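# Fold and contact review
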Amino acid sequence: MDMNDKNVSVQNQEAQNGMAQNAAAQSAAARHTGNLKRNFGFFGPATFVYAVFYAFCMFRNGSGITFPFFVAGSLLYFCLCLSKLEISLKKGSVFYMAGMALLSVSTFCTDDSRIISLNKTGIFLLMMSLLLKQFYDTSGWKLGKYLGSILQLIFCSIGELDRPFRDGAEYLRKKGKNNKIWFVLLGAAAAVPLLLLITALLSSADAVFGQMMKSLTDWIQPANVFNVTFRILFLFFASYLLLAYLCRHTISEEVKDKRKGEPVLAITVTGLLSLIYLLFCGVQIFGLFLGKMQLPEGYTYAEYAREGFFQLLVVSILNLVIVLFTLSFFRESALLRVILTVMSLCTFVMIASSAMRMLLYIQSYDLTFLRILVLWTLAVLFLLFAGVIVGIFRERFGLFRYSVVVVTICYVLLSFSHPDYIIAKVNLKEASQKTEQIDFGYLSSLSADAAPVLVPYMKATGRDAYVDGLSERLSEGSLRTFNLSRFIAGKTLEKYGEDINFF
């Protein structure tokens, strides 16, 4: 069989596989969409209750104790929906769910707005990945396919905007006038005037109950009502539309093998880069790590060691992109694998050089959130390149799954580390020796996470900007918005004579 015959055979096999996948997708779409319509009596009310629960948990409350409950409620809601659709949780789903749970707890335990925003982004991406995993075979998907599918899921689900109305109307038509939902709606409508009358009588009968009702009615303002109503409607439609679109199975599961590029081209480009990297790594080893090379005129060793970390970080990230791109789009070659290994090993040296320079820089210019993020990124890159080297020589190694696990675990550790606390601890460690160099403006901008370190120091030195700002923020809390980090900060303030009313 010549090469043309082989190509035709491969194309025929791919066509047959594609037809089989389309037939399976159509069958699953018909089954799941039918289940969604038939069980609207569950999906409609359950989605509405879930939306109300979201409004209660998240209304003016981005990081309170209700946030972990909302995430847990989200997982429960989607698990119940999958059960009604007759879809079982797939192997590996626990990892996504555990990651979401940990990030929700981390959000409750921190007052750092940057970490809170990153946590919510991570929870969203894990939830979308979890849903895609239940409806599709994602075992062969890579980063580009996942991100593209998430975007398709988000934007294309808008096209299902009429589904709640159509499914609800069809469900009610089939159930007829004897449907119990009609009696529930009628009972709710009849109860409204009775509730108003009874509430008014009870409020006049008991002063405590009356005060509680007054507080509730004071809260009922047009802006608050609009905010809550919008949240309920948004999450109701967002949740139902996502389910409706997922049930249609319109996202292609196919992942084509794009490794068709001529390896000589990749060998030439990566080979030249590797020569430069080998020379640069030699300079790093003998110049920076061993200190045995002559420095440029006018440079001290400290100045030489404290610059270039951002450039090396960018080069390390570019190397990761280049290696992954080469593995994805060029045919296999033993020489190419060797060169990519050399590039990866050189990147380890660059990562070490960047980390060392950053640590020396921090010793002179203190610690900031960005510098912690740089060190975290370097650590993640180190672990990712360890997986890349394995993937270069083992084609079946699940490099993408390995990368997801590494990034998720490393980020969970970062989110629980309370960077602001570490920043305050490090920067004040030798405060008595370098008072003039301390950036008190930056320290005063830190979140409540840093309070156990900053409050004693600021009170002792008479710097009240951080203490006053923190006291004002903590006095605005309530039981629903209770946050562990802010609670610890409040206890620290009370210890040093500040009067804090938590609820």
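Residues numbered from 1 in each chain as written. Predicted model: local features only at pLDDT ≥ 70, side-chain atom pairs only at ≥ 80, totals over all residues. Heavy atoms only, no water.

### Some remarks on the layout of surface pockets
Quick reminder of the rule: Residues are called lining when one of their atoms sits within 4 Å of a cavity or pocket point, these points coming from a 1 Å grid over the protein atoms alone, where a cavity is a set in which a 1.4 Å probe fits but cannot get out and a pocket is an open set with protein on both sides within 12 Å along at least five of seven lines. Grid points are joined across faces, edges and corners, and a volume is the space filled by probe spheres set on the points. By definition, any uninterrupted DSSP run of H or I lasting at least four residues is a helix, any uninterrupted run of E lasting at least two residues is a strand, and each is numbered from the N terminus. Throughout this entry, Asp, Glu, Lys and Arg are counted as charged residues, while Ala, Val, Leu, Ile, Met, Phe, Trp, Tyr, Cys and Pro are counted as nonpolar. The remaining residues, Gly among them, count as polar.
Volume-wise, the second largest pocket comes out at about 770 Å³. Looking at the second largest pocket, it is lined by 26 residues, and the ones nearest its centre are F124, M128, F234, L235 and A238. Elements that contribute at least two residues to the lining of the second largest pocket include exactly α2 (40-58), α3 (66-84), α5 (113-135), α6 (143-156) and α10 (222-248). Top contributing element to the lining of the second largest pocket by residue count: α10, with seven residues. The residue makeup of the lining of the second largest pocket, split by class, is 22 nonpolar, three polar and one charged.

### A few points about empty space enclosed by the protein
The full count for this structure, using the stated rule, is one cavity of 30 Å³ or more. Approximately 50 Å³ is the volume found for the largest cavity. As for the largest cavity, its lining consists of L75, F78, C79, L82, L89, M97, L130, L131 and Q134. Secondary-structure elements contributing two or more residues to the lining of the largest cavity are α3 and α5. Per-element tally for the lining of the largest cavity: the top contributor is α3, with four residues. Among the residues forming the lining of the largest cavity, the class breakdown is eight nonpolar, one polar and no charged.

### Digging into the confidence of the model for the protein chain
Keep this limit in mind: pLDDT is a residue-level measure of predictor confidence that goes from 0 to 100.
Chain-level pLDDT for the protein chain is 84 on average; 84% of the residues reach the 70-or-more range. Taken element by element, the predicted model of the protein chain shows its lowest mean pLDDT in helix α12 (residues 301-305) (61) and its highest in helix α4 (residues 93-108) (96).

### Here's the deal with the nonpolar core
Condition: Residues belong to a common nonpolar core when they are buried Ala, Val, Leu, Ile, Met, Phe, Trp, Tyr or Cys residues joined through side-chain atoms within 4.5 Å. Note on classification: 1.4 Å probe, protein chains only; a residue is buried when its accessible area is under 20% of the maximum for its type, exposed when over 50%, partly exposed between these limits. Residue contacts are counted whenever heavy atoms from the two residues lie within 4.5 Å of one another.
In terms of nonpolar packing, the biggest core is built from 114 residues, with L132, L454 and L470 touching the most fellow members. By residue number, the principal contributor to this core is α10, which donates 12 residues. Excluding anything up to four places from it in sequence, L132 contacts T138, W141, Y146, S149, I150, L153, L246 and I251.

### Regarding the environment of S139
For clarity, the cut-off: Whenever a nitrogen or oxygen atom comes within 3.5 Å of another N or O atom, the pair is scored as a polar contact, on the condition that within protein one atom can donate a hydrogen and the other can accept it, and that pairs from neighbouring residues in sequence are kept only if both atoms are in side chains.
Note that S139 resides in the loop between α5 and α6. Judged by its relative accessible area of 49%, S139 falls in the partly exposed class. A distance of 2.8 Å separates polar atoms of two side chains, one belonging to S139 and the other to D137.

### Regarding the side chain of D167
Along the chain, D167 turns up in helix α7 (residues 163-175). Within the structure, D167 has its side chain in polar contact with the side chain of Y240 (distance 2.7 Å). In contact with D167, not counting residues within four places along its chain, are L36, K37, F40 and Y240.

### Description of a nonpolar patch on the surface
Note the following rule: Excluding any residue in a salt bridge, patches collect residues exceeding 30% relative accessible area, merging like charges within 9 Å and nonpolar Val, Leu, Ile, Met, Phe, Trp and Tyr side chains within 5 Å. The method behind every accessible area is Shrake-Rupley, applied with a 1.4 Å probe, and residues are considered shielded solely by the protein chains displayed. Salt bridges are defined by distance alone: a side-chain nitrogen of Lys or Arg within 4 Å of a carboxyl oxygen of Asp or Glu.
On the surface, L194, L197, I198, L201 and L202 cluster together into a nonpolar patch covering about 470 Å² of accessible area. Structurally, L194 is set in helix α8 (residues 180-205). Looking at L194, the relative accessible area reads 52%, which means it is exposed.

### So, helix α19 (residues 451-461)
Among the residues of α19, A451, V453, L454, V455, Y457 and M458 are the ones counted as buried. Those residues of α19 hidden inside the fold are in contact with α17 (419-427), α18 (440-444), α20 (465-474) and α21 (484-495). Just downstream of α19 lies G462, where phi reads positive at about 75°.

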